[in-house]
Amino acid sequence: MTWKRPENVPYPFVWHTFQAKDTESDQLVTYQVQDLPEERFEEAIVHMMEHFVYDEPTCRAKNLASEQQSLDEITDLWREFVKLKLVLVCFKEGTEEIAGMNMLYVSQQSDKEEYQCKGSVWRCIYDLVDYTMKQANVYERYGVDKYLGAMGLSVAPKYRGRGIATEILRARIPLCKAVGLPLTSTCFTAIGSQVAAAKAGYEETYVVSYEDMTKVDERFVFPHINTKYVKCMSKRVE
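Residues numbered from 1 in each chain as written. Predicted model: local features only at pLDDT ≥ 70, side-chain atom pairs only at ≥ 80, totals over all residues. Heavy atoms only, no water.

**Some remarks on the environment of Glu-67**
- With respect to the element layout, Glu-67 can be found in the loop between helix 2 (57-62) and helix 3 (68-83).
- On a C-alpha basis, the gap between Glu-67 and Trp-122 in space is 8.8 Å, while along the polypeptide they are 55 residues apart.
- If sequence neighbours within four positions are ignored, Glu-67 has contacts with Gly-119, Ser-120, Val-121 and Trp-122.
- A polar atom in the side chain of Glu-67 sits 2.3 Å from the side chain of Ser-70. (Helix = DSSP H or I, 4+ residues; strand = E, 2+ residues; numbered from the N terminus. Contact = heavy atoms within 4.5 Å. Polar contact = N/O pair within 3.5 Å; in protein donor to acceptor, adjacent residues only side chain to side chain.)

Written out as structure tokens, the structure reads:
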């Protein structure tokens, strides 16, 4: 990943604010989606390890948390992402507790280096995502040479049911505008994140069922998965 955040873009910056129900009542309170501050990088990794690794359908189906090498490799990848200073985090106004976050990075057509991982579970999940994005043909379809991608959208359990995932996905747009990215595109593996992306105005770029993916690669069998499709969903920055 050779992309660098432009120095003239303030950091950390609040990209989006919205109102949603409080955690203790039906009262509306203000939430904000902002850049993840440097001093909270490791806390963000812990959040993803505690929630995303157990909740995301493919990670759960393959029990990624049980294979240490895979767990180490996905956390190492997230540690590279936070260095780009693009990761978005949501806080309830007046608190510092992470309500939700999105691990973001920049995919560039000019980047030739192939990502390598050895853990069998993470390799399988990564290859599923990689296959989906290659089939989506994002660069050619949208006529871009780079876009904002993601590898992990998570909302803490106590904050779920408030539309926070949708608002985090909406916050990608002003972020993209500020740093000069013309598109955001992601492989969404869970029905919840797919619904959130649709609400945020993302379109379906490529859709394939998990059942059909088993015909692509015998490793792509995810027991008891409760999501029917894998979807690449994208939104132009206008």
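After that view, the rundown keeps rolling.
**Focus: the UniProt feature "domain: N-acetyltransferase" (unreviewed entry) in the chain**
- UniProt records the feature "domain: N-acetyltransferase" (unreviewed entry) for residues 145-181 in the present numbering.
- Taken end to end, residues 145-181 is 43% helix and 27% strand, and its first and last C-alpha atoms sit 9 Å apart. (UniProt positions renumbered as here; feature names shortened; annotations may be inferred.)

**Digging into the environment of Leu-71**
- Counting through the fold element by element, Leu-71 comes out in helix 3.
- Considering only alpha carbons, one finds Leu-71 and Val-53, 18 residues apart in sequence, at a separation of 8.3 Å.

**Observations concerning the packing of aromatic side chains**
- If you walk through the whole model with that rule in mind, you get ten aromatic pairs.
- Their ring planes at 80° and their centres at 5.8 Å tell us that Phe-52 and Trp-78 sit as a pair that is edge-to-face. Placement of Phe-52 in helix 1 (residues 41-55) and of Trp-78 in helix 3 is noted, with a sequence separation of 26 residues between them.
- A centroid spacing of 6.3 Å and a plane angle of 90° characterise the contact between Phe-188 and Tyr-202, whose relative ring orientation is edge-to-face. Of this pair, Phe-188 sits in strand 6 (residues 183-188) while Tyr-202 sits in the loop between helix 7 (191-199) and strand 7 (203-209), and the two are 14 residues apart along the sequence. You'll find Phe-188 and Tyr-202 in the same group, each marked buried.
- Members of the aromatic cluster, joined through ring pairs, are Phe-18, Tyr-31 and Tyr-159.
- The lysine or arginine in question, Lys-62, covers the ring of Phe-222, its NZ or CZ lying 5.2 Å from the ring centre. (Phe/Tyr/Trp six-rings, centres within 6.5 Å; stacked < 30°, edge-to-face > 60°. Buried < 20%, exposed > 50% of the residue type's maximum accessible area, 1.4 Å probe, protein only. Lys NZ or Arg CZ within 6 Å of the ring centre and 35° of its normal.)

**Observations concerning the side chain of Arg-40**
- The residue Arg-40 is located in the loop between strand 2 (28-35) and helix 1 in this model.
- There is a polar contact of 2.7 Å between the side chain of Arg-40 and the side chain of Glu-43.

**Digging into the layout of surface pockets**
- Counted as a void, the second largest pocket has a volume near 790 Å³.
- In this structure, the second largest pocket is lined by 39 residues; those nearest its centre are Leu-153, Ser-154, Ala-190, Gly-192 and Ser-193. (1 Å grid on protein atoms, 1.4 Å probe; cavity = no way out; pocket = protein on both sides within 12 Å on 5 of 7 lines; lining within 4 Å. Points joined across faces, edges and corners; volume = space filled by probe spheres on them.)

**Quick look at the pattern of salt bridges**
- As enumerated under the stated definition, the model contains 18 salt bridges in all.
- Asp-26 is the partner of Lys-21 in a salt bridge, and the nearest nitrogen-oxygen pair spans 3.7 Å.
- By relative accessible area, which is 42% here, Lys-21 ends up partly exposed.
- Exposure remark for Asp-26: the relative accessible area of 61% places this residue in the exposed category. (Salt bridge = Lys/Arg side-chain N within 4 Å of Asp/Glu carboxyl O.)

**Re the pairing of strand 8 (residues 229-236)**
- In this structure, strand 6 lies alongside strand 8, joined through six bridges in antiparallel fashion. By the bridge assignment for strand 8, Thr-184 is matched with Lys-235.
- Note: strand 7 against strand 8, six bridges, orientation antiparallel. Pairing of Tyr-206 across the sheet is with Cys-232, part of strand 8. (Pairing = 2+ DSSP bridges.)

**Description of the side chain of Asp-127**
- In this fold, Asp-127 is placed in helix 4 (residues 120-136).
- There is a polar contact of 2.7 Å between the side chain of Asp-127 and the side chain of Arg-123.
- Setting aside its immediate chain neighbours within four residues, Asp-127 contacts Arg-219 and Phe-220.

**Quick look at empty space enclosed by the protein**
- Under the criterion given, the structure shown has one cavity of 30 Å³ or more.
- As for the largest cavity, its lining consists of Tyr-105, Val-129, Met-133, Tyr-147, Gly-149, Ala-150, Ser-185, Thr-186 and Cys-187.
- Of all the secondary-structure elements, those providing two or more residues to the lining of the largest cavity are helix 4, strand 5 (146-155) and strand 6.
- In terms of residue class, the lining of the largest cavity is made up of six nonpolar, three polar and no charged. (Nonpolar A, V, L, I, M, F, W, Y, C, P; charged D, E, K, R; others polar.)

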